[in-house]
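Now for the letters of each chain:
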Amino acid sequence: MEYRKIKDEDIDIDRAAEVDDVEKSFLLSVPSVSGEPKIDTHKTKAQWKRKSLVTFALTILTSSQAILIVWSKRAGKYEYSVTTANFLVETLKCAISLVALAKTWRTEGVTDDNRLTTTFDEVSVYPIPAALYLVKNLLQYYIFAYVDAPGYQILKNFNIISTGVLYRIILKRRLSEIQWAAFVLLTAGCTTAQLNSNSDHVLQTPVQGWVMAIVMALLSGFAGVYTEAIIKKRPSRNINVQNFWLYIFGMGFNAIAILVQDFDAVVNKGFFHGYSFITFLMIINHALSGIAVSMVMKYADNIVKVYSTSVAMLLTAVVSVFLFGFHLSLAFFLGTIVVSVSIYLHSAGKIQR
C-alpha cells in the first residue's frame, strides 16, 4: 500500500527524531562563541505562536460544526444535496490555498518548495486521503438518520482511540504509558461530559448507526495519520501546495459522488437547490476547519488535533446553553475535569520522553 511506501522512504520516525516534537523541531541551533549550540529564541517563539494560533482556530471552528449541521436541516432533513455541499467545501479550500500561495509567490518568489509543478510520485499519494475523507464526510451527514446529536457526539469518541492506535501502527510513533493513560482518560472524560438523561438511547442505536460510527472513527484516524505522513514527508514543502493537491483530488472524488448519487436532483432542481444562509456558513466553516486541520498536522500532529477537537466538544456544549437552552449537568463538569487532567498528563508524559 502507498502508506507503506511513504513510511519506508523517509517516515521512519522514532522518539529521538520526531518532526513534531516542539522541544526538538522548533529549536534552531546555531554555533555560539563558545562552540555550544545556542537556541534562537525568536524562531522558537514564532513557531510556538503559529502552532498555538492554528490549534486555537481549529478548536473554535470545530466547536461550531455540529451546530451548523443541525441548523442546516429543515424539518429534520437536508433539503440541499450533501454531495454538492462537500464539493463546494473542497472547492473553497482549494481556492483559499491558491490565494495564499499567490501571496507567497509575490513576497518570496517561486521556489522549488512552493511551485505547483511536481513529480508523479509526490502527487500519487494524495488520492488515498481524499477518498477517505469523502466517505467519512458523507457518513457524517447520514449517521444522523440513526442517532441524535448527543448520541453522535458520544459515538464520535471512538475516533480518539483509533487515532492513537493508528498513530502507533502507521507512523511508528511511540506514546509513553502516561500518554496512553491520558488518551483513555480523554475518551472517558469526553463521554462522561456528554451523558444526560437520554444517553441510554445510545445503547439502543441500530446496528447501522454503530457500524457507521466505527467506520467513521477508523476512516478519520487513518486519513488523519496518513495525511500527516504525506505533509511531513517533505517538511520544507509549502503547506498551501500540499493542500492544493489534496483538495484537487477531493474535488474530483466529490464530483463523482454528485454524478453517482445526486445527478438527477442537481439536473432537475439545480446545484444550489435547498441551500440557505446557514448552509453557506456551514460550508465556509468546514472549509476553514479543513485548512486548520492540515496546518495542525504540518506544525503539530494528530494528537494535538484530537485534544483540540475534544476541547471543542466541551465548548460546543457551553455555547449550546445560550443557543438551545442546554443545561450543563454534573456529568459535564466531571467530564471537563477528567479531560483537563488528561491534557495535563499528556503534557507530562511528553516531557518525560
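Scroll up to find the structure.
The notes below deal with the structure included here. (Residues numbered from 1 in each chain as written. Predicted model: local features only at pLDDT ≥ 70, side-chain atom pairs only at ≥ 80, totals over all residues. Heavy atoms only, no water.)

As for the environment of Asn285
Inspection of the secondary structure puts Asn285 in helix H14 (residues 277–299). Taking the C-alpha atoms as reference points, Asn285 and Leu61, separated by 224 residues in sequence, lie 6.3 Å from one another. Non-local contacts of Asn285, meaning those with residues more than four positions away in its chain, are made with Leu61, Ser64, Gln65 and Leu68. In this structure the side chain of Asn285 is engaged in a polar contact, spanning 2.7 Å, whose partner is the side chain of Ser64. (Helix = DSSP H or I, 4+ residues; strand = E, 2+ residues; numbered from the N terminus. Contact = heavy atoms within 4.5 Å. Polar contact = N/O pair within 3.5 Å; in protein donor to acceptor, adjacent residues only side chain to side chain.)

Let's talk about the side chain of Glu122
With respect to the element layout, Glu122 can be found in helix H6 (residues 120–123). With residues near it in sequence (within four places) discarded, Glu122 still touches Arg234 and Arg237.

Re the pattern of salt bridges
By the definition in use, this model includes seven salt bridges. A salt bridge links Arg74 to Glu79; the nearest nitrogen and oxygen atoms lie 3.2 Å apart. Residue classification places Glu79 among the partly exposed residues on the basis of a relative accessible area of 35%. When the shortest N-O distance is used, the salt bridge between Arg234 and Asp113 registers 3.1 Å. With Arg234 in the loop between helix H11 (207–233) and helix H12 (239–261) and Asp113 in the loop between helix H5 (82–108) and H6, the pair connects residues that are 121 residues apart, well separated along the chain. (Salt bridge = Lys/Arg side-chain N within 4 Å of Asp/Glu carboxyl O. Buried < 20%, exposed > 50% of the residue type's maximum accessible area, 1.4 Å probe, protein only.)

A short note on the packing of aromatic side chains
Geometrically, a pair of aromatic rings is defined through the distance of the ring centres and the angle of the planes. Here the structure, examined in full by the defined rule, presents nine aromatic pairs. A centroid spacing of 5.3 Å and a plane angle of 75° characterise the contact between Phe244 and Trp245, whose relative ring orientation is edge-to-face. Each member of the pair, Phe244 together with Trp245, is buried. The structure contains a cluster of three or more aromatic residues connected by ring pairs, namely Tyr78, Tyr80, Phe87, Phe271, Phe272, Tyr275 and Phe280. (Phe/Tyr/Trp six-rings, centres within 6.5 Å; stacked < 30°, edge-to-face > 60°.)

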